[in-house]
Amino acid sequence: MTSDLDTGSSPAAVAEPAAAPGRSAPRRRWGRIAALAMIAGPGLVAANAGNDAAGIATYASAGSQFTYGTLFFMVLVTVALVMVQEMAVRLGAYTGKGLGALIREQFSLRLTALAVACLMLANTGLVVSEFAGIGAAFGLLGVPKWAVIPPAAVLLWALVLFGSYRWAERIFLVFSLAFFAYPVAMVLGHPHWGTVGEHLLVPHVEANKSFILLAVALIGTTVSPYMQFYAAAGVVDRGSKPQDYKLIRADAIIGAVFACLISLTIIIATASAIGGTGPLESAAQAASALRPVAGRGAEVLFALGLLGASALAGAVVPLSASYAVGEAAGVERSVSRSFRDAPLFLGLFTAQIALGAIVALTPVDVIQLLIGTQVLQGLISPIVLVYLLVLTNRRSLLGAAANGPRYRVAATTVVVGVALMSTILLVQTVLGWVGLG
């Protein structure tokens, strides 16, 4: 993989005169940047979409509630996300089909319909939270939500309906640049680097319900089912082939690691500035809380990150559901198609965008909405991950690209662990509803 990324030994670089060594280093740097830009694709987009408004709120709450205590746990979550995303893009590359289509072909239609229906319902709630996040981000900058949510919805809708997949993907990657605001906010918070390093390397567990539930929430918001549907479908929509797998795999791994690094910076930023103050209810609350400690600059950076994250997820979340339904129904589904060619795919995307924006403009209790969608995510996450594992284990489907014995054991451990944690979240939430939590 290193040889694929390293462009420093290109003929131009070799031919560079020895008397001007300073000129070759910038070329090598730009060559590496160009190579990374070529690699960046569905894996990076899907993983970054997981750092949405709900994700930012969860990571910020981890920092404000338990300071640096969840950092080692996030390292484990990073490993899980890398493996899950890699399996998803491998399926897309080697079969030329998305996860929804493969589930329809390989499993029961009833179970497929159940998984897709739950995904649609949960994703619709998430779309509302993304548009609420856009409104909250502009609210921190002094702009009311009614002035920004409708035009934002129209822009995201037009981006998908009137562009090709390649063009839409580039815009999604531009949205991802907003995440670089969080490392800067982290530095402005003046963290205790020695303590940060210790918690990254040494496990930390607190034997209380709040810590366990937050750990479950961190898994749920980082390894979300819609990300796997989008990653696999994006590889197919991009037109990638098995011979492109090395680049696709690099995209998935780099995307997962980058997204989790951003998650870590959010936790560290809030931990260093407001750690120990208790849980937060929203990403906007985290941004406001940073101001008196880390300054107005940190608050603005946090708001810009929230805006980029919400805009990215506001497009990716409904797209993932549209891909899943289109694949399960066996109809045309592509961002590069017109409304006439893919009416179900683009119609579902349009309906989700419209519903999400309209509900976000009402005085809806976004926190309660997120709790409900997290329950649904908890229901479908184990189902989707089990399907993903079974599919990537099948040599009849992937041939030599199927999971090997060691990878199968590691992937099974990840899937069982995520399923158990999701089940804990589901049980605790239901018990809370009936007054037993």
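Computed from a predicted structure; not experimentally measured. (Residues numbered from 1 in each chain as written. Predicted model: local features only at pLDDT ≥ 70, side-chain atom pairs only at ≥ 80, totals over all residues. Heavy atoms only, no water.)

Topic: the nonpolar core
One finds Leu99, Phe131, Phe172, Tyr230 and Leu319 to be the most contacted residues of the largest nonpolar core, which totals 121 residues. Ranked by residue count, the leading element in this core is helix H15 (residues 245–274), at 15 residues. Setting aside chain neighbours within four positions, we find leucine 99 in contact with Leu91, Gln228, Phe229, Ala232, Glu327, Val384, Leu388 and Leu391. (Core = buried A, V, L, I, M, F, W, Y, C linked by side-chain atoms within 4.5 Å. Buried < 20%, exposed > 50% of the residue type's maximum accessible area, 1.4 Å probe, protein only. Helix = DSSP H or I, 4+ residues; strand = E, 2+ residues; numbered from the N terminus. Contact = heavy atoms within 4.5 Å.)

Considering the side chain of threonine 112
Among the secondary structure elements, threonine 112 is positioned in helix H8 (residues 109–140). In this structure the side chain of threonine 112 is engaged in a polar contact, spanning 3.5 Å, whose partner is the backbone oxygen of isoleucine 103. For threonine 112, the residues in contact, after removing those within four places along its chain, are Gly100, Ile103, Arg104, Phe107, Ala328 and Tyr387. (Polar contact = N/O pair within 3.5 Å; in protein donor to acceptor, adjacent residues only side chain to side chain.)

Concerning the environment of threonine 221
Tracing the chain through its elements places threonine 221 in helix H13 (residues 209–222). Relative accessible area serves as the criterion here: at 10%, threonine 221 is assigned to the buried category. Separated by 166 residues in sequence, threonine 221 and glycine 55 place their C-alpha atoms 5.4 Å apart. Not counting residues up to four positions away in its chain, the partners in contact with threonine 221 are Gly50, Asp52, Ala54, Gly55, Thr58 and Tyr59.

Looking at the packing of helix H4 (residues 42–49) against helix H10 (residues 165–176)
The geometry of H4 relative to H10 is characterised by a closest axis approach of 10 Å and an angle of 45° between their N-to-C directions. The pairing of H4 with H10 is recorded here as oblique in orientation. Between H4 and H10 the crossing geometry is left-handed. Contacts between H4 and H10 involve Pro42, Leu44, Val45 and Asn48 from the first element and Tyr165, Glu169, Phe172, Leu173 and Ser176 from the second. Taken together, the residues of the contact of H4 with H10 break down into 6 nonpolar, 2 polar and 1 charged. (Axes fitted to C-alpha atoms, helices over the stretch in contact; angles between N-to-C directions. Parallel < 35°, antiparallel > 145°, perpendicular 65-115°, else oblique. Left-handed = near helix turned anticlockwise from the far one by under 90°. Nonpolar A, V, L, I, M, F, W, Y, C, P; charged D, E, K, R; others polar.)

A word on H8
Here H8 contains 32 residues, and its C-alpha end-to-end distance of 46 Å stays within 8% of the 46 Å for a straight helix at 1.5 Å per residue. Glycine 142 lies just past H8 and shows a positive phi near 90°. (Expected span 1.5 Å × (residues − 1).)

Regarding the packing of aromatic side chains
This model, assessed by the stated rule, comprises 7 aromatic pairs. Aromatic pair tryptophan 157 and phenylalanine 162: ring centres 5.5 Å apart, planes at 90°, arrangement edge-to-face. Residue classification places phenylalanine 162 among the exposed positions, given a relative accessible area of 63%. Measuring from centroid to centroid gives 5.4 Å for phenylalanine 180 and phenylalanine 258, while their planes differ by 55°, and the two rings are tilted. With phenylalanine 180 in the loop between H10 and helix H11 (181–188) and phenylalanine 258 in helix H15, this residue pair connects regions lying 78 residues apart in the sequence. Relative accessible area serves as the criterion here: at 46%, phenylalanine 180 is assigned to the partly exposed category. Judged by relative accessible area, phenylalanine 258 falls into the buried class, the value being 19%. Of the aromatic side chains, those joined through ring pairs into one cluster are Tyr230, Tyr323 and Phe345. The ring centre of tyrosine 407 lies 5.3 Å from the NZ or CZ of arginine 90, which sits over that ring. (Phe/Tyr/Trp six-rings, centres within 6.5 Å; stacked < 30°, edge-to-face > 60°. Lys NZ or Arg CZ within 6 Å of the ring centre and 35° of its normal.)

Here's the deal with the pattern of salt bridges
Applying the stated rule across the entire model yields 3 salt bridges. In this structure, the salt-bridge partner of lysine 97 is glutamate 105, at a minimum N-O distance of 2.8 Å. Under the relative-accessibility criterion, glutamate 105 is labelled partly exposed at 38%. (Salt bridge = Lys/Arg side-chain N within 4 Å of Asp/Glu carboxyl O.)

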